[in-house]
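Structural description and commentary
Given next are the chains, with one letter for each unit.
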Amino acid sequence: MADAHATPHHDYHLVNPSPWPLVSSIAVTIMMIGAVVWMKGLVPADSGAVAGALLAKGDKALFFAGLAGVLLAAGCWWADVVKESRAGDHTPVVQIGLRYGMLLFIASEVMFFAGFFWMFFEMTLFNEARAHIPEIGTWADTAKAWSTWPPKGIETLDAWQLPLLNTIILLLSGTTVTWAHHAIAQGDRKATKIGLGITIALGVLFTAVQAYEYHHIIHENLFFNDEAINSGLYGSIFFMATGFHGFHVLIGTLFLIVCLLRLLAGQFTAEKHFGFEAAAWYWHFVDVVWLFLFAFVYVVFG
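Below is a summary of the structure that appears in this document. Everything quoted here is computed from the prediction, not taken from an experiment.

Here the focus is the packing of aromatic side chains. Within the structure shown, the criterion is met by 28 aromatic pairs. For the pair Phe 113 and Phe 116, a centre-to-centre distance of 6.4 Å together with 65° between the ring planes defines the contact as edge-to-face. One end of the pair, Phe 113, and the other, Phe 116, are both in helix α4 (residues 92–125), 3 residues apart, so they sit about a helical turn from each other. Each ring, one from Phe 206 and one from Trp 290, has its centre 5.1 Å from the other, and the planes form 90°; the classification is edge-to-face.

It is worth spelling out the nonpolar core at this point. In terms of nonpolar packing, the biggest core is built from 52 residues, with Leu 196, Ile 217, Phe 223, Phe 238, Leu 256, Phe 276 and Tyr 298 touching the most fellow members. Mapped by element, the contributors of at least two residues to this core are α4, α6 (162–185), α7 (189–219), α8 (232–264) and α9 (274–300). With 15 residues, α9 is the largest single contributor of residues to this core. If near-sequence neighbours (up to four positions away) are discounted, Tyr 298 is found in contact with Leu 157, Ala 159, Pro 163, Glu 213, Phe 238, Thr 242, Trp 290 and Leu 293.

Below, the discussion takes up the environment of Cys 76. Summarising the element assignment, Cys 76 is placed in helix α3 (residues 61–86). Distance from Cys 76 to Pro 19, taken between C-alpha atoms, is 9.8 Å for residues 57 residues apart in sequence.

Here we come to the side chain of Thr 167. Mapping Thr 167 onto the fold places it in helix α6. For Thr 167, the side chain forms a polar contact with the side chain of Trp 290, separated by 2.8 Å. Setting aside anything within four residues of it in sequence, one finds Thr 167 in contact with Trp 290, Leu 291 and Phe 294.

On to the packing of α7 against α8, then. Direction vectors running N to C along α7 and α8 enclose 155°, while the axes themselves pass 9 Å from each other. As the angle between them shows, α7 and α8 are arranged roughly antiparallel. At the point where α7 passes α8, the crossing takes the left-handed sense. Broken down by class, the residue content of the contact of α7 with α8 amounts to 16 nonpolar, 10 polar and 3 charged.

Criteria and cut-off values
Residues numbered from 1 in each chain as written. Predicted model: local features only at pLDDT ≥ 70, side-chain atom pairs only at ≥ 80, totals over all residues. Heavy atoms only, no water. Phe/Tyr/Trp six-rings, centres within 6.5 Å; stacked < 30°, edge-to-face > 60°. Helix = DSSP H or I, 4+ residues; strand = E, 2+ residues; numbered from the N terminus. Core = buried A, V, L, I, M, F, W, Y, C linked by side-chain atoms within 4.5 Å. Buried < 20%, exposed > 50% of the residue type's maximum accessible area, 1.4 Å probe, protein only. Contact = heavy atoms within 4.5 Å. Polar contact = N/O pair within 3.5 Å; in protein donor to acceptor, adjacent residues only side chain to side chain. Axes fitted to C-alpha atoms, helices over the stretch in contact; angles between N-to-C directions. Parallel < 35°, antiparallel > 145°, perpendicular 65-115°, else oblique. Left-handed = near helix turned anticlockwise from the far one by under 90°. Nonpolar A, V, L, I, M, F, W, Y, C, P; charged D, E, K, R; others polar.

Encoded structure:
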């Protein structure tokens, strides 16, 4: 057992013991409990100095403490993976496993968004069916609101303004990240830096435009107003689907920033740059999801 991590005589990498999976799990648990506290609260506000300050509705300290833990653990964990790569532990066989892992992760993300699309299509295509459900409680008002599409009181967005602008931004970013990927494969580091920099700038611009769009929706009460009081599900699923996509854009932008920093540090070569390749795959996935959101949420059913 003492020489389990001695010089290997195989192409596989035996990962050293790491604290980050456990730390990540604890931090995520704290963050999720903090989210419940923030939105609903676990104790009344007058439950005492400590409990009232940490567990009462509206308190954000627990959530952001957990978030800080998640970010710290993720950064340290990924830094260890980079160190393994730099040490030569990522053999061709290990790199195949990394590629399969990234592909499976993207496939799981596809299923994640498929759930939101399924919900939106169910609301859109079968909204009139709700009128045939027996009246229970206040269901009659909800069924009446959903008898038309969009639901009564909802003011939809013009797909050919900000949503179209964001579509153009993401399509351009997909082009620039492909250019950068092709450049690094050819050993053209200068073109890779330029392509990566432009992609990151476009990602930041997309986030800014979406934030402005959200501000407009909330400020003008387009989805949540007195007239649309029984149609709140539309706004909820809209913000869940587009909001989680925006979160993925933010994560992808950070992913690309790390790749740019590693490129500037000379850690990528034409032969070995899977970190950047994985970031490019992820960015293309984000682009494709947005095309579906734009086509169905904004245009076809908007």
